[in-house]
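This is what each chain is made of:
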Amino acid sequence: MEAESREWGQSAPLAGKVAVVTGASRGIGKRIATTLAKAGAHVAVHYHEAQVEALDTVARCVGYGTRAVAIQADVSQEEDVQRLFLEATQLGTPSILVNNAGIAHYGLVMDLSLRDWNRVLQTNLTSTFLCSKEAIPYLRRAEDGRIINVSSVHGLRGAAMEAAYSASKAGMIAFTESLALEVASLGITVNAVAPGVIDTDMLKGFSAEEKRQMQTETPVGRLGTPYDVAHVVRFLASPDSSFITGQVISPNGGRLP
Ligand code: NAD
């Protein structure tokens, strides 16, 4: 007989858990942080440069009655990542890691510099490796660990003008599948979320007309919001998903590139 605590749809499924969310000062990461806090988690709000926005995320998390702290780090640097986790332990032992920080780069491959290629791969993919590696001992200790990687539909199918970004996001999916097999016996699940077009700062290079076009091409008739991603992450962070690992869930409104 299953314990009642495993019943689906508990109001605070993450009560007492500690989550580290990278790139949580704005956009999707901010909504992931506040959604996890609303579900009861204490949240380490990682940011790169935007301290004021990160403190706003912290205030919103605290508003849900949990604890939260803002921690600065460049997640493509190993020493920064080690410090990020050490500082996060002031909230308790982390059991949830969301690798959300990421950057896009638009342009043809023949115009793409090695510097920009490396910057995108380091920020999106190397950071996922570094944070996951650093997280494993903590998540293992917590006995019910979760790693959730924010990839993209462009990791499922490459996009023209976004080769570095697509390669980094496809790499995150392969990394997710590999790591899931390695750490399943440690009580850690590893999954990826592959969002479609989500209306955040990442789209600021597109005109209103281009955004309208994307909306028209999306079968559900609207662009995604950060909440569309955050709700999937909350599910993957919760006890309800404990039998799911090495998978990719794509909130994309029915539209693949
Ligand atoms: P955003 O630009 O608003 O947020 C990106 C976040 O990453 C910011 O908080 C930024 O500070 C952080 N970041 C960037 N470089 C960093 C570095 N070196 N070290 C630490 N943090 C760094 O964009 P968003 O749409 O909220 O993107 C969040 C994630 O979702 C990204 O991984 C992105 O690739 C992914 N995604 C976005 C969309 C979309 O349409 N917006 C679609 C699919 C996937």
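Analysis parameters
Residues numbered from 1 in each chain as written. Predicted model: local features only at pLDDT ≥ 70, side-chain atom pairs only at ≥ 80, totals over all residues. Heavy atoms only, no water. Phe/Tyr/Trp six-rings, centres within 6.5 Å; stacked < 30°, edge-to-face > 60°. Helix = DSSP H or I, 4+ residues; strand = E, 2+ residues; numbered from the N terminus. Buried < 20%, exposed > 50% of the residue type's maximum accessible area, 1.4 Å probe, protein only.

Draft legend 1. Geometry of the packing of aromatic side chains. As enumerated under the stated definition, the model contains two aromatic pairs in all. Between the aromatic rings of F85 and Y138, the centroid separation amounts to 5.7 Å while the plane-to-plane angle is 20°, which identifies the pairing as stacked. Of this pair, F85 sits in helix α3 (residues 78-88) while Y138 is found in helix α4 (residues 114-142), placing the two residues 53 residues apart along the sequence. Like F85, the residue Y138 is buried in the burial classification. Both rings, one in Y106 and one in F206, keep their centres 5.4 Å apart while their planes meet at 85°; by these two values the pair is edge-to-face. With Y106 in the loop between β4 (96-99) and α4 and F206 in the loop between β6 (188-193) and α7 (208-216), this pair connects stretches of sequence that are 100 residues apart. For F206, a relative accessible area of 27% puts it in the partly exposed group.

Draft legend 2. Geometry of the environment of D116. Along the chain, D116 turns up in helix α4. With relative accessibility at 17%, the residue D116 sits in the buried group. For the pair D116 and A104, spaced twelve residues apart in the sequence, the C-alpha separation amounts to 10.0 Å.

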